[in-house]
Amino acid sequence: MSEHAIPHFHNQPGLATIRIGAKEFMCIGALPPFDHPHIYIDMGAESEALCPYCSTRYVYDPALHGHAEPAECEVKAA
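Every chain is numbered independently, its residues counted from 1 as its sequence is written. It should be noted that, the model being predicted, local features are given only for residues of pLDDT at least 70 and side-chain atom pairs only at 80 or more, the latter also being counted only at that level, while totals for whole chains, interfaces and linings use all residues. With hydrogens and water excluded, all non-hydrogen atoms of the structure serve as input to the side-chain values.

Caption draft 1: Fine view of the pairing of strand 4 (residues 35-42). Sheet topology places strand 3 (residues 24-29) next to strand 4; 5 bridges connect them, and they run antiparallel. The residue bridging Met 26 from the neighbouring strand is Tyr 40, located in strand 4. With antiparallel pairing between neighbouring strands as the criterion, strand 3 and strand 4 make up a hairpin whose turn holds 5 residues. Here, strands pair whenever DSSP counts at least two bridges between them. Per the convention used, a helix needs a DSSP run of H or I reaching at least four residues, while a strand needs a run of E reaching at least two, with both numbered from the N terminus.

Caption draft 2: Structural context of the sheet that holds strand 6 (residues 57-60). Judged by pairing direction, the sheet is mixed, and its 4 strands sit side by side in the order 5-6-2-7 without closing on themselves. Since the sheet does not close on itself, it has two edges, and those belong to strand 5 (48-50) and strand 7 (68-69), each with one partner. Where strand 2 (residues 17-20) lies against strand 7, 2 bridges are found, and the strand directions are antiparallel. Bridged to Ile 20 within strand 7 is Ala 68.

Caption draft 3: Layout of the packing of aromatic side chains. Pairing of aromatic side chains here covers Phe, Tyr and the six-membered ring of Trp, requires ring centres within 6.5 Å, and sorts the geometry by plane angle: under 30 degrees stacked, over 60 edge-to-face, intermediate tilted. Scanning the entire structure with this criterion turns up 3 aromatic pairs. Between Phe 25 and Tyr 58 the ring centres are 4.7 Å apart and the planes differ by 55°, which places this aromatic pair in the tilted class. Pair noted here: Phe 25 is in strand 3 and Tyr 58 is in strand 6, with a separation of 33 residues, a long-range link. The pair Phe 25 / Tyr 58 is uniform in exposure class, with both members buried. Grouped by ring-pair contacts, the aromatic residues Phe 9, Phe 25 and Tyr 58 constitute a single cluster. The side chain of Lys 23 reaches across the aromatic face of Tyr 60, ending 5.2 Å from its centre. For every residue, the accessible area obtained with a 1.4 Å probe (protein chains only) is divided by the maximum for its type, and the residue is called buried under 20%, exposed over 50%, and partly exposed between those limits. Criterion for a charge above a ring: Lys NZ or Arg CZ within 6 Å of the ring centre, and within 35 degrees of the ring normal.

What follows is the structure, encoded as structure tokens:
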């Protein structure tokens, strides 16, 4: 299976804020089976976005180049 074209992130650890290196991404909430509907979020010109389902605050950090801090919040392709 190929990698996700758009990065997918989760908040299994229950953090208030996750730094990410993408302005367009998918939030899945917690890991399955406790995930919420997988939603596309586009920050546009903003540098942060709030998931309307799980209230995770995502902050854009271009130095992360599509990854997350903490790295455990990235959904890895199978």
